[in-house]
Amino acid sequence: MAENNGTYLIRGAAVLGAGAEDLLIRDGVIAARGTGAATHADADGATVIEAAGLVALPGMVDVHTHLREPGREDAETVETGTRAAALGGYTAVHAMANSTPVADTAGVVEQVYSLGRAAGWVDVRPVGAVTVGLAGEQLAELGAMADSRARVRMFSDDGICVHDPVLMRRALEYVKAFDGVVAQHAQEPRLTAGAQMNEGEVSAVLGLTGWPAVAEESIIARDVLLAQHVNSRLHVCHVSTAGSVEIIRWAKERGINVTAEVTPHHLLLTDDLVRSYNPVYKVNPPLRTDADVQALRAGLADGTIDVVGTDHAPHPSEHKECEWAQAAMGMTGLETALSVVQHTMIETGLMTWADFARVTSTAAAQIGRLADQGRPLEAGEPANLILVDPNARWTVDPAKMATMGRNSPFAGLELPGKVVATFYKGHPTVLDGQLNTPYREVAGVS
């Protein structure tokens, strides 16, 4: 195991948005917290970071990232995607399986895992496919992926729904053996054939084939009952409708082991933007109505929705800069997520910074079974943390982002909050809001 011998004294940060405290980082862990941190025996020679006015939070954990590698390096690579993640305040991401080849074998997930270690910006935890080739016909090598060096615990055919109820039941039963979770892309394909946007008033006006809310809600209703029946863990990807929130709330009230995520873009944007026919707003699931947005915010605030997942989906420019019908679905999100959540949840009074830590870090680490992430900022804990300037304002410019994708739906918007520093395993991957250096395994990457 690599060691980081750097020592850093973070002075005067508001831990979880509360009172100002000092944090001493040494050898990859938090050595001390509080007024005594500066006089701790290990503080000699520490690099001092003045953090007055900054908020200290656990490093963010994304349960839903598309890094595209292997096979789609024209859209993103593990290197570029994890640089973006570090700048956005993340110290761990879950890389979805829809690469080329699909991450449906131990060999492919180990390749992604190794690429993440070699990059050294964040923890990269591969998500294994549920079915071979995402084809929805037979289960992938779930056990082999779980036993591999990547230690896969989350499985998803994201981008495609596991629509066969028998296959979904078998997957839920299988992952119980290693405390895994099936993350479902809830979309009934027969109800969404040819769909271009949310089904509603705007789709009727524009004459675009609609994507009804029931296509999402019916799959979630089925799957929470299947999870209850086999007593397994279910995670619902990118919840987008008010009805979905109610179904998940109903399931949790009955003790069903279900968790759910919402994307930043579904917390802010509505289908009214599609009137522009700008393909940057084309996404799966689609942008919904303002009523849905308000329900999603309320569901995140009250704990019905557990986490924010970016669904970071970079595309080459030619796949977005074309007519609406031909454009790819997806939006980037790693470098804007913190700001959008601050804008929609904290500045509206729906959440505190402590709540923010829960929905962007702690709960996400628990869902993915990441023991060293999402931990309390206390002495003896791994030093995966970030410093945020909550008073900063910035205008989103996709051309200046680290991700290769330029398909940000927030381009031109002024947003609050900026990551000043990201510490990954005690090493500052980001300082003064800029990439510093990656963490390296001194024993080499194996």
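Data block above holds the structure.
These numbers come from a predicted model, not from an experiment.

J.: Go over the overall build of the protein, please, and point to the residues and values.
T.: A tally of regular secondary structure across the protein gives 11 helices and 19 strands. Its C-alpha atoms give the protein a radius of gyration of 21 Å, near enough to 22 Å, the size a compact globule of 446 residues would have. Overall size of the protein, expressed as C-alpha extent along the three principal axes, is 65 × 45 × 45 Å. By residue count, 62% of the 446 residues in the protein fall in the buried class. Sequence-distant contacts in the protein: of pairs separated by 6 or more residues, those separated by 24 or more amount to 74%. Element-wise, carbon and sulfur atoms account for 50% of the exposed surface of the protein, whose accessible area totals about 16000 Å². Side-chain charges of the protein comprise 34 positive and 54 negative groups, with the mean position of each set lying 3 Å from the other.

J.: Explain the side chain of threonine 91 to me, using residue names and the numbers behind them.
T.: By the element assignment, threonine 91 lies in strand 7 (residues 90-95). Within the local environment of threonine 91, its side chain forms a polar contact with the side chain of glutamine 373, the two groups lying 2.7 Å apart. Those residues in contact with threonine 91 that lie beyond four places of it in its chain are Gly59, Met60, Val122, Asp123, Gln373, Asn384, Leu385, Thr422, Phe423 and Tyr424.

J.: Before we move on, could you go through the sheet that holds strand 10 (residues 181-184) and cite the residues and values that matter?
T.: Read from one edge of the open sheet, 5 strands run 9-10-13-14-15, paired in parallel fashion. In this open sheet, the two strands that pair with only one neighbour each are strand 9 (154-155) and strand 15 (307-308). Looking at chain direction, strand 9 and strand 10 are connected through 2 bridges and run parallel. Residue pairing in the sheet places methionine 154 in a bridge with valine 181 of strand 10.

J.: Describe helix 6 (residues 213-230), and please don't skip the residues or the numbers.
T.: The end-to-end C-alpha distance of helix 6, which contains 18 residues, comes to 26 Å, matching closely the 26 Å that a straight helix rising 1.5 Å per residue would cover. All of the buried residues in helix 6 are Ala215, Glu216, Glu217, Ile219, Ile220, Arg222, Asp223, Val224, Leu226, Ala227 and Val230. Buried residues along helix 6 sit against helix 4 (165-175), strand 10, strand 13 (234-236), helix 7 (242-253) and strand 14 (258-262). Following helix 6 by one or two positions, asparagine 231 adopts a phi angle in the positive range, close to 55 degrees.

J.: Describe the sheet that holds strand 7, with residues and values.
T.: Pairing in this open sheet of 3 strands is parallel, and the strands run 6-7-8 from one edge to the other. The open sheet has two free edges, formed respectively by strand 6 (60-65) and strand 8 (123-126), since each of these has just one partner strand. Averaged over all adjacent pairs, the angle separating strand axes in this sheet is 20 degrees, with direction ignored. Bridge count for strand 7 against strand 8 is 4 bridges, and the pairing is parallel.

J.: Lay out the pattern of salt bridges in plain terms, naming residues and giving numbers.
T.: Charged atoms that come close allow side chains of opposite charge to pair. Scanning the entire structure with this criterion turns up 21 salt bridges. Among the ionic pairs, arginine 393 bridges to glutamate 414, the shortest N-O distance being 3.5 Å. One end of the pair, arginine 393, is in strand 16 (residues 385-395); the other, glutamate 414, is in strand 17 (residues 414-424), and 21 residues separate them in sequence. Assessed through its relative accessible area of 44%, arginine 393 is described here as partly exposed. Through salt bridges with shared partners, a single network forms among Glu21, Arg33 and Glu378.

J.: Residue-level account of a negative patch on the surface, with values.
T.: Taken together, the side chains of Glu73, Asp74, Glu318 and Glu321 present a region of like negative charge at the surface. With respect to the helices and strands, aspartate 74 occurs in the loop between strand 6 and helix 1 (78-87).

J.: I'd like a description of the packing of helix 4 against helix 6, backed by residues and values.
T.: If you want to describe how two helices pack, look at the angle between their axes and the distance between the axes. Running from N to C, helix 4 and helix 6 cross one another at 45 degrees; their axes reach a closest spacing of 10 Å. In terms of axis orientation, helix 4 runs oblique to helix 6. As helix 4 runs across helix 6, the sense of the crossing is right-handed. Counting all contacts with helix 4, which are made through Pro165, Met168, Arg169, Leu172 and Glu173, the residues of helix 6 involved are Arg222, Asp223, Leu226, Ala227, His229 and Val230. Looking at side-chain class alone, the contact of helix 4 with helix 6 contains 6 nonpolar, 1 polar and 4 charged residues.

J.: Can you tell me about the packing of helix 7 against helix 9 (residues 290-301), naming the residues and giving the values?
T.: Put simply, helix 7 and helix 9 touch, their axes get as near as 8 Å, and they point 30 degrees apart. Between helix 7 and helix 9, the angle is such that the two are roughly parallel. Between helix 7 and helix 9, the contacting residues are Ala242, Val245 and Arg249 on the first element and Asp292, Ala295, Leu296 and Gly299 on the second. Class assignment of the residues belonging to the contact of helix 7 with helix 9 gives a composition of 4 nonpolar, 1 polar and 2 charged.

J.: Which residues make up the packing of aromatic side chains, and what values do they have?
T.: Evaluation of the coordinates by the stated rule reveals 5 aromatic pairs. Geometrically, the ring pair formed by tyrosine 8 and phenylalanine 423 is edge-to-face, given 5.4 Å between the ring centres and 70 degrees between the ring planes. Of this pair, tyrosine 8 sits in strand 1 (residues 7-15) while phenylalanine 423 sits in strand 17, placing them 415 residues apart in sequence. The exposure class of phenylalanine 423 is buried, given its relative accessible area of 0%. Consider the rings of phenylalanine 155 and phenylalanine 178, whose centres lie 5.8 Å apart with planes at 55 degrees: the pair is tilted. A residue pair is termed long-range when its members are at least 10 positions apart, and phenylalanine 155 in strand 9 and phenylalanine 178 in the loop between helix 4 and strand 10 qualify at 23 residues. An identical accessibility class is assigned to phenylalanine 155 and phenylalanine 178; each is buried. Taken together through their ring pairs, the aromatic side chains of Phe155, Tyr174 and Phe178 make up a single cluster.

Conventions used here
Residues numbered from 1 in each chain as written. Predicted model: local features only at pLDDT ≥ 70, side-chain atom pairs only at ≥ 80, totals over all residues. Heavy atoms only, no water. Helix = DSSP H or I, 4+ residues; strand = E, 2+ residues; numbered from the N terminus. Rg over C-alpha atoms; globule rule 2.2 N^0.38 Å. Buried < 20%, exposed > 50% of the residue type's maximum accessible area, 1.4 Å probe, protein only. Contact = heavy atoms within 4.5 Å. Areas by Shrake-Rupley, 256 points an atom, 1.4 Å probe, with all protein chains shown as cover. Lys, Arg positive; Asp, Glu negative; His and termini not counted. Charge placed at Lys NZ, Arg CZ, Asp CG, Glu CD. Polar contact = N/O pair within 3.5 Å; in protein donor to acceptor, adjacent residues only side chain to side chain. Pairing = 2+ DSSP bridges. Expected span 1.5 Å × (residues − 1). Axes fitted to C-alpha atoms, helices over the stretch in contact; angles between N-to-C directions. Salt bridge = Lys/Arg side-chain N within 4 Å of Asp/Glu carboxyl O. Patch = residues over 30% accessible without salt bridge, like charges linked within 9 Å, V, L, I, M, F, W, Y side chains within 5 Å. Parallel < 35°, antiparallel > 145°, perpendicular 65-115°, else oblique. Left-handed = near helix turned anticlockwise from the far one by under 90°. Nonpolar A, V, L, I, M, F, W, Y, C, P; charged D, E, K, R; others polar. Phe/Tyr/Trp six-rings, centres within 6.5 Å; stacked < 30°, edge-to-face > 60°.

So, to be careful, I would describe these as geometric facts and stop short of saying anything about function.
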